[in-house]
Amino acid sequence: MLRLHTFGGLYVLDDAGSPVDPATTTRRTLALLAGLAVAGEAGLSRDKLVALFWPETDAERARHSLTQALYSARRSFQCDDLFLGGADVRLNPERIGSDVGELEASLASGELERGVTRYRGPFLDGFFLSGSPEFEQWTSAQRTRFETRVAESLEHLAMDAGARDDHRRAVEWWRRLSALRPLDSSVAVALIKSLSAAGDRPGAIQHASAHEAVLREQLGLAPDAAVTNLARALREEGAAAVGAVGVTDRIAPSAYRQARVAGPSGRSGPSGADEESLRPPGPESRPGATGATGATSPSRGRRARLWFFAAAGGAALAAAVVFGGRDETPTIDGPARHSQRVVVAPFRIAGASPELHYLREGIVELLSSRLADDSLRQSVDAGAVLSAWRSDGLMGETGASREAILNAAARLGWERVVVGSIVGSRSRMIVDAAVLSAPRGAVVAEATVEGPADSVSKVIDRLASALLLAQAGEDSRVLGRLTESLPALRAYLEGQAAFQRRAYRAAMGAYDRALRHDSTFARAALRLAWTADRIREPEAIHRGVALAWAARANLSERDQALLWTFTGAHYPAPSSAEEQLLSWRRAVDVAPRTANAWVALGARLVHEGAVVGLPWSGAAERARSSLERARALDPSSSIPAELTMQLAHHEGAALAGPSPDGALRARALGDSLSPIAPFLRWREAVIVADTSTLRRMREQFGQLRVSTLRLIAMSSQYSGSATADGDRAIEILLERATDEPSQADALEALHSQLINHGRYEEALAVTGRLRRLQPGLHAHLRLRVLDAMYGGGDTTAARAAVQELGRFIEPAGVAGLAGVPLTTASWLASRCVLAQWRLRSNDTTGVRETIDDLRSQRVSSQRPRITAAPVACAELLDAALAVVQRRGDAAARLERIDNLAFIATTAGDAATYAPLLIAGLHERLGDSAGALRALRKRSYMSAWPRYLGAMRRAEEGLIRASGPIETPLTPR
């Protein structure tokens, strides 16, 4: 019997419990199974399935596509009776089961413990389906619904165990709920109390510290007072200090919890899997929806406001930048008339056609809802506002004066007022608006938009977007090049605000949300890559670069030049070293007076100068010069100083002494908001053997941000020093990992540390953990093969992995995988690794076909772990094939790849082993000097350096065998 897994990913297991080869199924087939699994016994009508999966296709073609999809699924799984029904389609429960069905049934029958064990991660985590926004909306709604139901069940189980004094069991349930809701302070308090009641006071204190660190890392917020007070009591007075407070007592909801309560999970729809739950919000339920006249009816207006207040939960931080802000915690009660901060006044329409008079009040409804969706702090009750204007006599035909509006706003306690005017006719109306501060009337932001009244909703969307941009300090003139999605723009501005306060992970999350709303939002994609580069997150860098590249026509010339610093001239193919240098230089040629351009050049030289063959002294000198220019252009930024310190640390030196080094060091370490500063402080203490500072920092490791811990773990591997600190950092990363991507990253960090220190059996065990985490992607198999080829890993395990990979890839072809980039990427990545394995044994079978298939692939924003970029792998295999076949052009082909820059953005995982592969080819041709040069063309702090230890050992072996060889030296 087949089994469909939807939680934590989407894949199918066969009768033996092994993953069904993903190369034999399409993503739409898997999505179809997921939709029917949620629908359960009721099934779904064919009309609903067509609307969900083929929304942009005409009815006849869509129905044919559905028939073909059902046939394809039966054929893929070799099950003719996989589906039941005629007009309504449902899964045959005798042929296929699902974790989602078991979870629904268990929770419905009250078997909560059995139900929650079926939940292994977010619904369809990491899965997407191009060309179907309806499916994305449905997935998001189901993801929220299941998470909410599981969270409620875990809370019930924990409370029940606590009431029975079964504190060990209560800890287990609270811990699982904490992993699901890591930012919820009420859950953190409950877990801390349960741990204390169970006698684990150290564990309770440690969780309090971890929770505080996560809040700072993810939201840039101070911890809830209840958490800090409880932790202080535990530290100072012991478990007895909290013994009088029951474990089941609850604290007031945190800001995060309130957002969750008010967000979509608060109205997740029916718990059953009926067809209505698949329907995205209709026009009558969307904000700003209008009738034929464009006016919003009172009942629709109320529904629009409720919809917006529900959608506002995920953007609680954006208000601090968009309209200024206070630090008070928002409430989830209905907004009081006198507590509102931003209100919309009736617009003047004296010069407009009578056809537009309905907008006198309508503009308050329409624009208020747009602004309300920005944040819970921004909740705007348009009805209360209109009532207030009427009470003050400000609803006259000609509109009230600006002075009267400001006086009324000040009297009612409102901080910002949006005023404006509308002129024109139904065919062309011009809307002018300004945000004023009350009571002084200072202009905070201004915007003007125009368009036909028949498209009033879109016009008001553009107006709200322009006001948001202007208030955030962005140039509203570039609005047309950004995005037409107001939710995407709000998320982007939230990311900008988070970046400014150095909350890089929070910024990345906001940019990701913007891209989920609009995947063509090139500026958000570029900012995602730029931010991820600050804390060396290669997966996020790749995702941002790929999406920005696909929509690069929407970028300004300056932004395109910044994008080129990541991509080079031939993306997705690697550029030559000379072209890569020119791409880096292009950023400052286009914008020589922009600090970010010089930062980009400096960062690339710090991290990848050696990859393009620059002698270290030359790369370091150019990087310092670039960063000095950046500091001169923007003295307020600490980023250039941080990169300069990383440069010095790479050379094994510490910055000290009088100006300019001392001032530079103070600037880098003095930015209390920067997640990089604690890492730099630790690294400098390691270099100068400052045991006092190291001792203090090690005591605080549990409170460091994830980004800081990653940098410490990464640096310990690149430098080969303070490895115990690196081990501890990875240990904490594994403890904190609450989702699949963070768990996979922490496992990859651990594996890299182990393989570099020759602990091969332990490294092999980690690949087993990766298999359990991502069973359908085969990353663990590729890793075992690569370990044996380049890291000294277990060859027996590698041979077994080769056989297993062969079973998955041999029957498939690229033509059968069109339109499924994730599956294709994993399939091709496995072929890339197998081709390398065969060539090492002089077996050329199928290598040329693999090269051709790799070169034919398009860029995908989704790249599974342990996946080489297709074109980069093709280049490496092409040269290796020529050398193995002893062709006359072997030396020329090797010289070609020797001149390519294999950086992470264009080479993917191949960047971790390309120096070893190329060095091995040079050795086959008897060129020891070329081998040594290749080994030294490696990046610094760009990703987990999985085979750095092997590269160093190979260098030493070449030097012992051949004596000193003149090559550009790369610091250790």
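Residues numbered from 1 in each chain as written. Predicted model: local features only at pLDDT ≥ 70, side-chain atom pairs only at ≥ 80, totals over all residues. Heavy atoms only, no water.

Asks: Outline the overall build of the chain, supporting the account with residue identities and numerical values.
Replies: For the chain, the count of helices and strands is 45 helices and ten strands. Summing over all exposed atoms, the chain offers an accessible surface of approximately 38600 Å²; the carbon and sulfur share of this is 49%. (Helix = DSSP H or I, 4+ residues; strand = E, 2+ residues; numbered from the N terminus. Areas by Shrake-Rupley, 256 points an atom, 1.4 Å probe, with all protein chains shown as cover.)

Asks: Break down empty space enclosed by the protein for me, with residues and values.
Replies: The final tally for this structure, using the stated rule, is eight cavities of 30 Å³ or more. Empty space within the largest cavity amounts to approximately 350 Å³. P538, E539, A904, G908 and A943 are, among the 29 residues lining the largest cavity, the residues nearest its centre. Secondary-structure elements contributing two or more residues to the lining of the largest cavity are α23 (538–550), α24 (557–567), α26 (595–608), α34 (740–756) and α42 (904–907). Among the elements that line the lining of the largest cavity, the one with the most residues is α23, at four residues. When grouped by side-chain class, the residues that make up the lining of the largest cavity number ten nonpolar, seven polar and twelve charged. Volume-wise, the second largest cavity comes out at about 280 Å³. Considering the residues around the second largest cavity, the lining is formed by 25 residues, among which A911, T912, P915, R938 and S939 are closest to the centre. Counting residues per element, the lining of the second largest cavity draws most heavily on helix α43 (residues 914–924), which supplies three residues. Partitioning the lining of the second largest cavity into residue classes produces 18 nonpolar, three polar and four charged. (1 Å grid on protein atoms, 1.4 Å probe; cavity = no way out; pocket = protein on both sides within 12 Å on 5 of 7 lines; lining within 4 Å. Points joined across faces, edges and corners; volume = space filled by probe spheres on them. Nonpolar A, V, L, I, M, F, W, Y, C, P; charged D, E, K, R; others polar.)

Asks: Describe in detail the pattern of salt bridges, supporting the description with residues and values.
Replies: With the rule as written, the count across this model stands at 42 salt bridges. In this structure, E147 and R181 form a salt bridge, with 3.0 Å as the shortest nitrogen-oxygen distance. You can see E147 sitting in helix α6 (residues 133–163) and its partner R181 sitting in the loop between α7 (167–180) and α8 (185–197), a full 34 residues away along the chain. Per residue, the accessibility class of E147 equals that of R181, and both read buried. One salt bridge connects E494 with R513, and the closest N-O pair in it is separated by 2.7 Å. Residue E494 is located in helix α20 (residues 486–500), and its partner R513 is located in helix α21 (residues 504–517); the two are separated by 19 residues in the primary sequence. Exposure remark for E494: the relative accessible area of 7% places this residue in the buried category. Salt bridges sharing common partners tie together R505, E537, R710, D745, E748, R865, D909 and R946. (Salt bridge = Lys/Arg side-chain N within 4 Å of Asp/Glu carboxyl O. Buried < 20%, exposed > 50% of the residue type's maximum accessible area, 1.4 Å probe, protein only.)

Asks: Please provide a residue-by-residue account of the sheet that holds strand β4 (residues 83–84), values included.
Replies: If you trace the three strands from one edge of the open sheet to the other, you get β3-β5-β4, paired in antiparallel fashion. Pairing within the sheet leaves two strands with one partner each, and these edge strands are β3 (44–45) and β4. As paired strands, β4 and strand β5 (residues 88–91) are joined by two bridges and run antiparallel to one another. Looking at the pairing, F83 lines up with L91 of β5. (Pairing = 2+ DSSP bridges.)

Asks: Give a description of the sheet that holds strand β2 (residues 11–13) that names residues and reports values.
Replies: For sheets, the rule is that strands pair by backbone hydrogen bonds, running either parallel or antiparallel. Ordered by their spatial adjacency, three strands build an open sheet running β2-β1-β6, and the pairing between neighbours is mixed. The open sheet terminates on both sides in strands that have one partner only, identified here as β2 and β6 (96–98). Going across the sheet, the axis of each strand differs from the next one's by a mean of 30°, ignoring polarity. Relative to β2, strand β1 (residues 2–5) runs antiparallel, the two sharing three bridges. Bridge pairing in β2 places L4 opposite V12. Packed on one face of the sheet, helix α1 (residues 27–39) meets β1, β2 and β6 and runs near 90° to β1. (Axes fitted to C-alpha atoms, helices over the stretch in contact; angles between N-to-C directions. Contact = heavy atoms within 4.5 Å.)

Asks: Which residues make up the layout of surface pockets, and what are the values?
Replies: For the second largest pocket, the calculated volume is near 810 Å³. Lining the second largest pocket are 32 residues, and of these E474, Q496, R523, R527 and N596 lie nearest its centre. Mapped onto the lining of the second largest pocket, the elements with two or more residues apiece are α19 (479–482), α20, α22 (522–534), α24 and α26. For the lining of the second largest pocket, the element with the most residues is α20, which contributes five residues.

Asks: Go over the confidence of the model for the chain with me, naming the residues and quoting the values.
Replies: Per-residue confidence for the chain gives a mean pLDDT of 79; residues scoring 70 or more make up 80%. Here residues 811–822 scores under 50 on pLDDT; set against residues more than four positions off or in separate chains, the count is 24 contacts. Scored below 50 in pLDDT, residues 967–972 makes 20 contacts in the model with residues more than four places away or belonging to other chains. (pLDDT = per-residue confidence, 0-100.)

Asks: Tell me about unusual backbone geometry, residues and numbers included.
Replies: In this structure, the amide linkage connecting Y571 to the following residue, P572, adopts the cis form with an omega of 10°. Relative to the elements of secondary structure, P572 occurs in the loop between α24 and α25 (577–590). A positive phi angle is found at A689, which is not glycine, with a value near 55°. Relative to the elements of secondary structure, A689 occurs in the loop between α30 (676–687) and α31 (691–699).

Asks: Outline the side chain of T29, supporting the account with residue identities and numerical values.
Replies: Along the chain, T29 turns up in helix α1. T29 has contacts with A69, S72, A73 and F77, leaving out every residue within four places of it along the chain.

Asks: I'd love a proper account of the pairing of strand β10 (residues 443–451), names of residues and values included.
Replies: The sheet contact formed by strand β9 (residues 429–437) and β10 spans eight bridges and is antiparallel. Paired with L436 across the bridge in β10 is V443. Two successive antiparallel strands, β9 and β10, enclose a turn made up of five residues, where G441 displays a positive phi of approximately 85°.

Asks: Any details on α30? Residues and values, ideally.
Replies: Spanning twelve residues, α30 covers 17 Å between terminal C-alpha atoms, matching the ideal 16 Å at 1.5 Å per step. For α30, the tally of buried residues reaches ten of twelve residues, placing the bulk of the element in the interior. Turning to α30, its buried residues number three or more, namely I676, A677, P678, F679, L680, W682, R683, E684, A685 and V686. (Expected span 1.5 Å × (residues − 1).)

Asks: Could you give an account of the packing of aromatic side chains, with specific residues and numbers?
Replies: Enumeration according to the criterion identifies 15 aromatic pairs in this entry. On the basis of an interplanar angle of 35° and a centroid distance of 5.4 Å, the ring pair of F53 and F135 is categorised as tilted. Within this pair, whereas F53 is found in helix α2 (residues 46–53), its partner F135 is found in helix α6, the two being separated by 82 residues in sequence. F135 matches F53 in its accessibility class, with the two residues each being buried. (Phe/Tyr/Trp six-rings, centres within 6.5 Å; stacked < 30°, edge-to-face > 60°.)

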